[in-house]
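Coordinate analysis (summary)
Here is how the chains run, residue by residue.
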Amino acid sequence: MKQQQKLVFGVNGEKIELSNIDPATTLLEFLRTRTPYKGAKLGCGEGGCGACVVLISKYDPTTKDIEEFTVSSCLTLLCSLNHCSVTTSEGLGNQRDGFHSIHQRIAGFHASQCGFCTPGMCISLYSSLSKANKSSRPEPPAGFSKLTVSEAERAIAGNLCRCTGYRPIIDTCKSFCRDVEMEDLGLNSFCKKGETLNICKLPPYDPYSVCTFPEFLKNEIIPSDESSERKLNLVYKNGWDEVEHGYWITPSSVEELMNIMRSEEVENGKRVKLVAGNTSAGFYKNQENYQKYIDIRHIPELLIIKRDTEGIEIGACVTISKVIEAMEEEISTSVEPNLVFKKIVKHLNMVASNFIQNMASLGGNLIMAQRNEFPSDIVTILLGASSSIKIQTPTETRFLTLEEFLERPPCDPQTLLVSVRIPSWNRTHSLSKTEDQTEVYPVSETICSGEPKSMTELFFETYRAAPYPMGGALAYVNAAFFAEVMADEFTGELVLGHLSLAFGAYGTKRAIRAKKAEEYLKGKSVSPTVLLEAIQILRLSVVSKEATPKADYRSSLAVGFLFDFLSPLFENFARSNKRLCVEGPNNEKNSINGHVNSASRINSSDNGFSGRNGDEKKPTSVLISKQLVEIHNDYHPVGYPAKKVAAELQASGEAVYVDDIPSPKDCLHGAFVYSRKPFARIKHIEVDSVLTSPRVISFVSVKDIPKGGENISVGTQFGDEPVFADGLTEFAGQPLGVLIAETWRCAKIGADQVKVHYDTKDMEPPILSIEEAVERSSFFEIPPVLTPKQVGDFSKGMAEADHKIISSKVETGSQYYFYMETQTALAIPDEDNCITVYVSCQLDEYAQVAIAKFLGIPQHNVRIITRRVGGGFGGKALRAIQVAAACAIAAYKLRRPVRMYLDRQTDMIITGGRHPMKIVYTVGFKANGKITALHVDCFLDAGYSIDFSPLLSHTFVTSLKKYNYGCLSLNIKLCKTNFPSKSAMRAPGEVQGTFLAETIIEHVASILSMDANSIRKKNLHNFESLKLFYGASAGDNFGYTLPLTLEKLDSSLRLNKKPEEIREFNNINRWRKRGMSLVPITYEVTVRPTPGKVSILNDGSIVVEVGGIELGQGLWTKVKQMTAFALGRLWEEGKEELMERVRIVQIDTISMAQSGLTGGSTTSESSCEAARVACDVLVERLSPVKLNMMEKTNGVSWDALVSQAYLESVNMSASVYWVPDSSSKQYLNFGAAASEVEINLLTGATTILQTDIIYDCGKSLNPAVDLGQIEGAFVQGIGFFVLEEHVVNSDGMVTSDGTWTYKIPNVDTIPKQFNIEILSSGHHENRVLSSKASGEPPLLLAVSVHCAIREAIKEARKELRSYNNSSNEKCSSTSAMFRMDTPATMDVVKQLCGLDNVERYLQSLVDLP
Ligand SMILES: Cc1cc2nc3c(=O)[nH]c(=O)nc-3n(C[C@H](O)[C@H](O)[C@H](O)COP(=O)(O)OP(=O)(O)OC[C@H]3O[C@@H](n4cnc5c(N)ncnc54)[C@H](O)[C@@H]3O)c2cc1C
Ligand code: FES
Ligand code: FES
């Protein structure tokens, strides 16, 4: 093999040559540490978030074609990129060379908040545009691309965003589409007030503006010698000075590969890894280090795609994207319709995201399933289609059925999967038999030839049920069914022939065929009795391994799939004049006998299911949205929807987050070593062997706290918390120390290798539930000032009640912040015992205090700097300080800069999240639904430390009080447990309080058999009762906009006949039900004192510092507008220009004391007010100067004024500390949302069909920013109420610790129609320029989705009751009254609809007289 010792590739047009690189280096690591490009971000390191997506371009010297595709750079090994070109978002455009129109449109459509996800989004969109433009579709009109609107939505399907709620990002994508209706695009900054959007107003799109493959790289590839040139045989000299020869090898034939496998080195146990796309590293994260990587993607046999009449043979290294392409081509060129291929393609499209599919190989997937029990979709669907494979070992070549392959012991590393063969099944086939009569490949004879006694048709369906309906989440169960169905020409009876029923991913070692069910069904005519029996047999085959989560649910899914597949055979047969037909892909119907009667198909938008009975309006796949905002001019430019400050920089990836700050010289990296036990003494931390590694520098722990320092990271008025465990661990995940190494990866690997010895002798068991905490009276104290006040006389209220609910229970789960940027800090030691810490934090003042105490130095020695935060949601308040403190002590000890960036798993394990609650309520109410008394016992799990938890006893109650309960009595307990400390997460306590309020309303409604919405109205406050419950924060009557808001929303729904529509739908659909709910919210906020400083520089530019931190919430933008408004009094006609002259700078605790907390929804307004007051001081100083000047000349320009002021030595800097008036520092926010959902009774999947929100922002400071906050908060609320499960193991260790197991809303789970109105409710005397907050309250509106699901479940249970069979009597699951906790995930919904609903339905048919 020709040796090439250099890796050559391009990054954003620059040539990179490397001859010594660690083979385990990923592209992301290289980009972030060895290039100036920081656009690719680390969000998960698992391929699950899209933050790291970059574009790869490859050049074919023969055809001169350039192939472009996206990859997740966190999984792509750098060495696999020889002769490739890499483009990051900076490469599309940047500040210096001009931004790309994608960047500009992202900014103009207000589609970037914290901006951490944005560069990845831009690359995904760019790649889709580029792909569409290369297609042979007709040329689009000028300014547009060939992309279609539905493709535009899919462009970002694998990219997660925690801030925006996706709608504006989708609008940005759609703005490039040839078929877009411009008026459908949302609020943007391209049109002035009153204008309509047209293409000329958008930043022009030029498909050829980016050169993704530079000329110099083309010259590197010599066509004649291409195959050998592409070969790499790199030599690596590692930090230990050991030289690895040929650590990265690219063989060009199977023979060559086998020779390597037979080589002495390998035989002698050299750790060798075959690498295709390396995406498996996203799932199996802690892979061992290998000594040889063999890149098998250049072996032609593994890249073949061979089609013949029998099927298609696909090389193992063909990527999923290429498999889809090849099969699509086969489908489009084939004369006969190929149902099986079409279904496989449809299913493959749901396997991972585009940027994974582009790297992931078919063979890699099969090997992961065979060797490591990976819950593969691909294996299941190929098994269902009776595929076979070819393998090669150093000694033999073998052909096996896929089933045989799966049944073998796990492949050894020397086994090569060469190819996969999928039969085409495009004609009616009989099945050939081997000698032992097992069915193998189909042969091409048709049994229709000759003189048939029966007509035969083939059915093939694939299924999957997963939290993300369109893919991107592993399936709970997947399945693929193949059936031969014969219809007797004379009797019309339908009989099953050959069957293949494949199931996988249900907690099984490998995908299986349900042989017993197949055997039972074969030769039978499908009837309810037969299907019922088959299902009973199936339940015995599809059995999850012990400890598989949701095992019963998975089993019921399998039943549902089989039912969906086979039930048309009897359901439609009865109605269909005894003719057989199947519905083919694209919903065209194929009928054997030319009749079109029934349907059996996969509907990908609905988790593999479709309702068949009455299947009318289906959820739309393209988002429809409307935004109604009023733009006022009263305080211009305040009130104008100005685009977010630095949005283009965020999009291009140039905006600097903490981890983007270039590492100072000699910078080290830290990784936490954390405890695995919830409550134990730490006997010994075995770190010595790890410290011998040359790149590991030190282990920093409690022992390193300097003299005079205290072990404190989180300190509040309620208590404090240590940085590191000191002799005792109090939760699984508690940091014990930090391992410091030369690189991030070495630190992480080293930290994972540290062994900790525990001792639990004579210790109490840990407290791992609220019940245990109550039993052992383990509580934190709530200060009297925060103890909730009782309202009215509870016993009197109960005495007035006609009905009572006594001690009913409900629970809420936790929620993890899932900011896209994990916790991160960079500490740099300075002279004289000083230290500067850059940290991604919402609470820099506390960080300064804590680090000073920790290091035993004065606070003025500690400088905390935060420019921007990649998402906080409360998780970067107190919880960020621990990371900052750990970094600080390491830097202090080692006298070198130290940085930490937590990997997603560590972040999820140690950071905690929202408080879970167990609540018991007792309610009295009248027969008309009026509640007369409520008593609540609420137990919050606060975790092991007190944090901000006592505040929740107040916030919980403020949102609960949105209804008039007559009287309210409360008993709130903060439980101390051995879990990570729970902290404030967006709308802390309020979201649980509002949920409880709605639970009570629904409960009362169920008992009275009344509509829940009427109970809501009956119990809504009038202004008098509002004052009684809320006191001064109720404000004035004029400001109580809630009744009006509710009425407005309600009448618009009635006007649109929503309730009738839903009733009708439910009447005619058995397996899908809809529900709707209209919910009000009331949310109290507190405005806090904030500092501000405004300085006017010599050239007229303005610098503003405020206490608030830019977290993505648009604080800088609002402050900028406010500064221009306030200083505009000196230059009325130049306010717009003043905006351009303002720069808001990062927070620095040394120059901005008392900065306080950025959180609680009010920091933007208080920062604005602080800036305004500072500007007032300057206006006062400058007005006399201006007046003087005016006496001499007419117009005084800003520049002239500033120059004169400088000449006169006016103090051009004003610093203030704004303190809100105590009588008005708390106020109420109001809003209402109506959500309509559809649930699938076979899978439990929820689709949010429509959400309408009206939210009162007062006079919005910036309607675009507030709209973004409303949408983003609502979608985060969907996560809490429907999707996000925070699971722990028996040690209390968080196990939903990454994107595989923790699902935040993605683009497919937001409402299909999403309409927002920002109510401009006029003048509010005590508010900052009449504005009201928007950051947190709208999150509560997502309770409308939960309530709507409940309505739909009620309908499902009604249906279940109608089956009226004996099992109903025994089971409470048909009752109209039921408890539904949060989150209402698919399995919860299905459970409430009856895990055995299919059996009950069939039994009811069997029981029919
Ligand atoms: C975020 C994400 C989501 C995903 N979602 C899904 C999903 O929903 N459903 C699903 O089915 N899959 C899913 N996958 C799995 C994905 O399909 C596989 O990771 C991928 O196909 C593996 O291919 P690869 O080329 O990257 O393999 P690699 O990672 O390169 O290799 C995987 C393993 O197979 C070995 N290997 C590779 N090729 C061969 C060969 N030809 N012969 C012998 N050994 C070989 C390697 O040594 C390695 O041990 C997902 C993956 C990711 C990262
Ligand atoms: S960081 Fe690579 S996909 Fe999340
Ligand atoms: S803007 Fe998308 S994660 Fe913050």
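Residues numbered from 1 in each chain as written. Chains lettered and ligands numbered in written order. Predicted model: local features only at pLDDT ≥ 70, side-chain atom pairs only at ≥ 80, totals over all residues. Heavy atoms only, no water.

The immediate surroundings of ligand 1 are formed by 35 residues, with Leu-274, Thr-279, Ser-280, Ser-361 and Asp-377 found nearest. In the environment of ligand 1, a nitrogen atom lies 2.9 Å from a nitrogen or oxygen atom belonging to the backbone of Leu-417. Protein chains bury 96% of the 980 Å² of accessible surface belonging to ligand 1 in isolation. Ranked by residues supplied to the shell around ligand 1, first place goes to helix 14 (residues 362-372) with five residues. A per-class count over the shell around ligand 1 returns 21 nonpolar, 10 polar and four charged. (Near = heavy atom within 4 Å. Polar contact = N/O pair within 3.5 Å; in protein donor to acceptor, adjacent residues only side chain to side chain. Areas by Shrake-Rupley, 256 points an atom, 1.4 Å probe, with all protein chains shown as cover. Helix = DSSP H or I, 4+ residues; strand = E, 2+ residues; numbered from the N terminus. Nonpolar A, V, L, I, M, F, W, Y, C, P; charged D, E, K, R; others polar.)

We now examine the packing of aromatic side chains. Under the criterion given, the structure shown has 36 aromatic pairs. Geometrically, the ring pair formed by Tyr-816 and Phe-818 is edge-to-face, given 5.7 Å between the ring centres and 75° between the ring planes. Comparing Tyr-816 with Phe-818 shows no difference in burial state: the two are buried. A connected cluster of aromatic rings, assembled from ring pairs, spans Phe-459, Tyr-463, Phe-481, Phe-503, Phe-561 and Phe-565. (Phe/Tyr/Trp six-rings, centres within 6.5 Å; stacked < 30°, edge-to-face > 60°. Buried < 20%, exposed > 50% of the residue type's maximum accessible area, 1.4 Å probe, protein only.)

In terms of burial, strand 38 (residues 917-925) is a largely internal element, eight of the nine residues being buried. As defined by bridge partners, strand 33 (residues 803-812) adjoins strand 38 across eight bridges and the pair is classed as antiparallel. The partner of Lys-804 across the bridge, within strand 38, is Gly-924. Pairing between strand 38 and strand 39 (residues 931-941): nine bridges, direction antiparallel. Within strand 39, the position partnered with Ile-919 by the bridge is Cys-938. In this antiparallel pair of consecutive strands, strand 38 and strand 39, the connection spans five residues, and Gly-929 shows a positive phi of 100°. (Pairing = 2+ DSSP bridges.)

Moving on, we get to the UniProt feature "binding site: [2Fe-2S] cluster 1" (unreviewed entry) in the protein. Taking the numbering used here, the UniProt-annotated feature "binding site: [2Fe-2S] cluster 1" (unreviewed entry) corresponds to Cys-44, Cys-49, Cys-52 and Cys-74. Spatially, the listed residues are clustered: although they cover 31 residues, their C-alpha atoms lie within 10.3 Å of one another. Within the element layout of this structure, Cys-44 appears in the loop between helix 1 (27-34) and strand 3 (53-59). Judged by its relative accessible area of 9%, Cys-44 falls in the buried class. Tracing the chain through its elements places Cys-52 in the loop between helix 1 and strand 3. Aside from chain neighbours lying at most four places away, what touches Cys-52 is Leu-28, Ala-40, Lys-41, Val-71, Ser-72, Ser-73 and Cys-74. (UniProt positions renumbered as here; feature names shortened; annotations may be inferred. Contact = heavy atoms within 4.5 Å.)

Counting across every chain of the model gives 15 cavities of 30 Å³ or more. For the largest cavity, the calculated volume is near 100 Å³. Surrounding the largest cavity, His-110, Ser-112, Gln-113, Ala-642, Lys-644, Gly-1112, Gln-1113, Gly-1114, Ala-1264, Val-1265, Gly-1268 and Gln-1269 form its lining. Grouping the amino acids of the lining of the largest cavity by side-chain chemistry returns three nonpolar, eight polar and one charged. (1 Å grid on protein atoms, 1.4 Å probe; cavity = no way out; pocket = protein on both sides within 12 Å on 5 of 7 lines; lining within 4 Å. Points joined across faces, edges and corners; volume = space filled by probe spheres on them.)

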